[in-house]
Structures are given as structure tokens and as C-alpha cells.
Amino acid sequence: MKKIKFFSGQRIPMEMHRAKVVQKLTLVDIDTRKQNLEAAGYNQFLLKNDAIFLDMLTDSGMNVMSDKQLAAAMTGDDAYAGSRTFFELADKIKEIFDFDFFLPVHQGRACEHLLARVFVKPGDVIAMNYHFTTTRAHIMLCGGSVVELNLPDSLDNSSANPFKGNFDLDKLNALIAEVGPQKMPFVRIEAGTNLIGGQPLSLENIVAVAKICRQHGILTVLDASLLQDNLYFMKVREAACKDMSIREITRAVADQIDVIYFSARKLGFAKGGGICLRSAELYDQFKELVTLHEGFLTYGGISITELASMTQGLEETMDFDMISQGPQFIAYMVDELDKCGVPVVKPAGGLGCHLDARAFLSHVPQAEYQAGALAAAIYLASGVRPMERGTISEARNEDGSEHFADVELVRLAMPRRLFTRSQIDYAVDRIHWLYENRTLIGGLRFVKEPKVLRFFSGELAPTSDWSDRLVARFKVDFGDSL
Ligand SMILES: *Cc1c(COP(=O)(O)O)cnc(C)c1O
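Notes on the structure in this doc start here.

Conventions we followed
- Think of each chain on its own: its residues are numbered from 1, step by step along the sequence as written.
- Local features in this predicted model are restricted to residues of pLDDT 70 or higher, and side-chain atom pairs are both shown and tallied only at a pLDDT of 80 or more, whereas totals for entire chains, interfaces and linings draw on every residue.
- To obtain the side-chain values, all non-hydrogen atoms of the structure were included, while hydrogens and water were left out.
- To qualify as a helix, a DSSP run of H or I must reach at least 4 residues; to qualify as a strand, a run of E must reach at least 2; elements of each kind are numbered from the N terminus.
- Here the globule rule reads 2.2 Å times residues to the power 0.38, and the radius of gyration is calculated from C-alpha atoms.
- The rule is simple: take the accessible area with a 1.4 Å probe, protein chains only, and divide by the maximum for that residue type; under 20% is buried, over 50% is exposed, in between is partly exposed.
- Residue contacts are counted whenever heavy atoms from the two residues lie within 4.5 Å of one another.
- Values of accessible area rely on a 1.4 Å probe in the Shrake-Rupley scheme; residue burial ignores everything except the protein chains shown.
- Charge counting treats Lys and Arg as positive and Asp and Glu as negative, with His and both chain ends excluded.
- Charge placement uses NZ in Lys and CZ in Arg. For Asp and Glu, CG and CD serve respectively.
- Within this document, salt bridges are pairs made up of a side-chain nitrogen of Lys or Arg and a carboxyl oxygen of Asp or Glu, the two lying within 4 Å of each other.
- Any residue with at least one heavy atom within 4 Å of a molecule or strand is counted as near it.
- Residues adjacent in sequence count toward polar contacts only when both atoms are side-chain atoms; beyond that, a polar contact is any pair of N or O atoms within 3.5 Å, and within protein one must be able to donate a hydrogen and the other to accept it.
- Gly is put with the polar residues, along with every residue not named as nonpolar or charged; the nonpolar set is Ala, Val, Leu, Ile, Met, Phe, Trp, Tyr, Cys and Pro, and the charged set is Asp, Glu, Lys and Arg.
- Classification of ring pairs uses Phe, Tyr and Trp, with its six-membered ring standing for Trp, and accepts pairs whose centres are within 6.5 Å; under 30 degrees between planes counts as stacked, over 60 as edge-to-face, and the remaining range as tilted.

### Concerning the overall build of the chain
Reasoning step 1: Secondary structure summary: the chain contains 17 helices and 16 strands in total.
Reasoning step 2: Its C-alpha atoms give the chain a radius of gyration of 22 Å, near enough to 23 Å, the size a compact globule of 482 residues would have.
Reasoning step 3: Seen through its principal axes, the chain has C-alpha atoms that stretch 65 × 55 × 45 Å.
Reasoning step 4: Out of the 482 residues belonging to the chain, those deemed buried represent 59%.
Reasoning step 5: Summarising the internal contacts of the chain: among those between residues at least 6 apart in sequence, 72% fall at separations of at least 24.
Reasoning step 6: For the chain, the accessible surface area stands at approximately 19300 Å², while carbon and sulfur atoms represent 53% of it.
Reasoning step 7: For the chain, the separation between the mean place of its 53 positive charges and that of its 62 negative charges on side chains is 3 Å.

### Side note on the pattern of salt bridges
Reasoning step 1: Per the stated rule, a full pass over the model turns up 28 salt bridges.
Reasoning step 2: The salt bridge partner of K346 is D338, with a shortest N-O separation of 3.2 Å.
Reasoning step 3: What makes K346 partly exposed here is its relative accessible area of 31%.
Reasoning step 4: Here the salt bridges do not stand alone but share partners, grouping K92, E95, R247 and E315 into one network.

### Re the site of the ligand
Reasoning step 1: Surrounding the ligand, one finds 14 residues, the nearest of these being G108, R109, D223, S263 and K266.
Reasoning step 2: Within the side chain of D223, one N or O atom sits 2.6 Å away from a nitrogen atom of the ligand.
Reasoning step 3: Here the ligand loses 98% of its free accessible area of 380 Å² to cover by the protein chains.
Reasoning step 4: When residues of the shell around the ligand are assigned to their parent elements, the largest contribution, three residues, is made by helix α4 (residues 108-119).
Reasoning step 5: Within the shell around the ligand, the residues separate by chemical class into two nonpolar, six polar and six charged.

### Regarding the packing of aromatic side chains
Reasoning step 1: All chains considered together, the criterion is met by 20 aromatic pairs.
Reasoning step 2: Pairing F101 with Y283 gives two aromatic rings, centres 4.9 Å apart and planes at 25°, and the pair type is stacked. Of this pair, F101 sits in strand β4 (residues 101-105) while Y283 sits in helix α10 (residues 280-293); the two residues are 182 residues apart in sequence, bridging distant segments of the chain.
Reasoning step 3: In this structure Y283 comes out as buried when scored by relative accessible area, which is 17%.
Reasoning step 4: With a centroid separation of 4.3 Å and 40° between ring planes, the pair formed by F455 and F456 is classed as tilted.
Reasoning step 5: Classification of F456 by relative accessible area gives partly exposed; the value is 27%.
Reasoning step 6: Within the aromatic cluster, the residues linked to one another by ring pairs are F86, F87, F102 and F262.

Spelled out as C-alpha cells, the structure:
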């Protein structure tokens, strides 16, 4: 995708693809949206998709496949064992990352499950630039703990740091000195750091982290789920990468890493996931777990059609035009909201546009889940489904007290190659209206609260009649119920 300059001087992000297949969307009126929200316990995960106009919950598995991917899917070699399609995928992994061994698994968190099972012992400490929900849960289930080594300004919206996903190298050195390398089986490097707003890390930082790890005999593990956006940012933000192709940048990253894993629901515009390994020894350890938990080694719980689409999708990930649609549309949305004064995470990252719910709803206490309340209000006002990424996404402390998140974000995910600019404009317009009327929005409280990953299935309710008041104001301002 290119940014093309118009007569007005404005640069407009242009999709370098055309839609060949479309799916009809429905936009239900605000009274129906309110009923849907109540039925879903004010939890975006429990809304039915029919009730949603623009689904910005997640990019996971929502990226749009290309004609070539669909064509590849049809030519997949459907076999339980020894499928040609698997070997073509393993060859593509070798070509792109130069890793000799590849194990398919059903999705990203399955990689995390197996990695934790192989590497993490009780008392181990896993360092990372920032945690991810499912990653941390699997490490903790194996008795390990997670330490985040993010930069001091990584969560600061006033900082223009282009690589907020970078590791703080001093913190890494200090941690190794404190706990000792024998308690640190690997350092996890997360590309396109999800929970701080899809913020990238630089190639320079990856090289530096890998060097420190090598000095201490600690493995480097790359969570490459969001690598696609991170590659784009390395190319456009990092001087050393400016003249490199995406393929060259990818190899430069991979060369620093011992184990790569990814969710193909994000990387590769497909479904599934995979673990890439360099050593036959490690491969043997993982093999048994894959056959036990995922499926046979040549399909790993993924359908052959998905394996075939993944191979083609990884090839498309090496194409700058194909991978820039996401970040450029996100930057457009961030800029438009910023112009209206709406507090957004800046600079724009990958995977989606992130609203700072703490600043947006500064009159709502954090204990009443600012991000959850704002996400619900957005659905009510627009039919757009965002995701809460704040305290609801955290687990309670062992004594049952609330564990407050560092940041209260509302993510408007931008699945790659999916939305059009007018759809983004609609979402911006409704969020702008909400911002103008933000004092009407109140908090939420739990009605049903599961113990594990409560954000997926917990049910909540408003702490006052604020949603009624918001609906009433909407009808006055818009003159009807849509
Ligand atoms: C989504 C994601 C995962 C988990 O992948 P799933 O396929 O959804 O299980 C892991 N790590 C990161 C960074 C992710 O963004």
C-alpha cells in the first residue's frame, strides 16, 4: 500500500488491493445495541457478531486472505501424515527465517503452552519487554514468574519514542546479575508489543538483547505474532533499515534468535501457529508435546487449507505494499482522533488504534474499570466492538484484591486489509461524539467473575443509570436511533 499525494497536498493511505468478495454488514439501532450489551454482561467478548457493525475486537484470525491464499488453500495436499503442504510451509520458514525445524500448532497460545512446558521450572524468571496475557498465564502455570523490562517511557503517551517496545538494557543486565542466568531459561522478545499498544522494538535493540543473552548462555525466544507490523516500523523508522528489503530485515532479526514462535492468526494472514527451532535436540523435546497436545507433526491441529494459506501469507508478509495497509490506516485513525483532542496512544503502533481510557474517563475511578466502561460506551454509540485492555484483563492478586493495570487502554483493532477509510471515518466520528459527552459515561462492576482470564467470560453491569442517559443524549444529537 502506498500513500498517494492529492491535489490538496494531503497524503491519503491507499489500499493496494481490491475487494473480490464482500460480506454484508448490519448496523442495528441504539436500543438494540443496548439490549445486546446487557445480554452480554457489558463484556465485548460475549456479544454476538450479528450485533456488530465494525468488529475491532482483535486482529487475531480476522486478517483478510488474498486471492492467492484462497487458491493455495484449494491445492493443499490433505493428508494426516507427510502432507506436501506441510513441507512447503517448512521450506518457506527456512527461506524466510533460515530455521531448520518447524512445528505447526493450533494457535499462538499453544506455542506458549509448549514453550513453558519445555523450558520453565518452578522458580524460573522469564524476562520480556512486556507481558502478554496468555504468555504470562502459561509461564505462571509452570511455576515461573514474569519480569517486564520495558523502557521508562513505554507507557507515556507524551513520549514520541518510535520504539517504545524496546528492552531497557540496564534493567536486563541488572536482572541477570540479581537472579542469575541459571534461573533464566530464556528471554522473550515480543515484536510489536501487544499490550502497550502494538509498539515496535528496533533491530538495534534486538541485537543488543541477543548479545547480552549470548554472554550469559540464555536463549532468545521471539514472539513473532506481531512481527509484520514491527517489520514495517523498522523499515520506516529505523535509519539502519531504510534501504533494506522487508526480507532482509526479517533475516537480520531472525539471525539473532534461538526460537521463533508465532500466531498465524496474525502473522501470515491465516490461522494456526508454529514454533521454529534451530537444534535437532530441542526439536525432539517439542515433538512429543506437539503430537500429544496438538496433532500429528505435519498438521499440528491446523487444517491443511490453513497451512497452505499460511505459506502464501508469509510470502505476502515480505511485500512492503501488502504489510503497510495496517500501520498506515492505524496512523490515519490515530491522527484523526488526535485532531479531535481524543487521548490516543502515540506514536501510532501496529495492530490497532489505542485510546487512553484513563485520560478519556478521568472522572471514573480505576476500580470501576475505565477501559471496560469506555469499550461498552463505544459499542453503544456506534456498533463498533473494541477490546478492553486494562484492569479487567488483569488477574486479581493472591489475596483477592484488585491488581490495577499500568495502563487502561481501549483497543480498536485493525485487522490487516479489512476496513475501508469511510468505515474508519465513521468510528472516529462516533468516538469524537463520545469524547464530547464523556462526562455522561460511568463505571462498571463485576456481576459474575471467573477466576482465570476473567476478561473472556466475566459479566458486568453499570454502576449507575449512565447507559440510559447516554442513549437519551444520542437520540437528541443524532435525531434518530442509528
Ligand atoms: C495474539 C497473540 C498471541 C496468542 O495468539 P493466539 O493465536 O491468539 O493464541 C501471543 N502473543 C502475541 C504477541 C499475540 O499478539
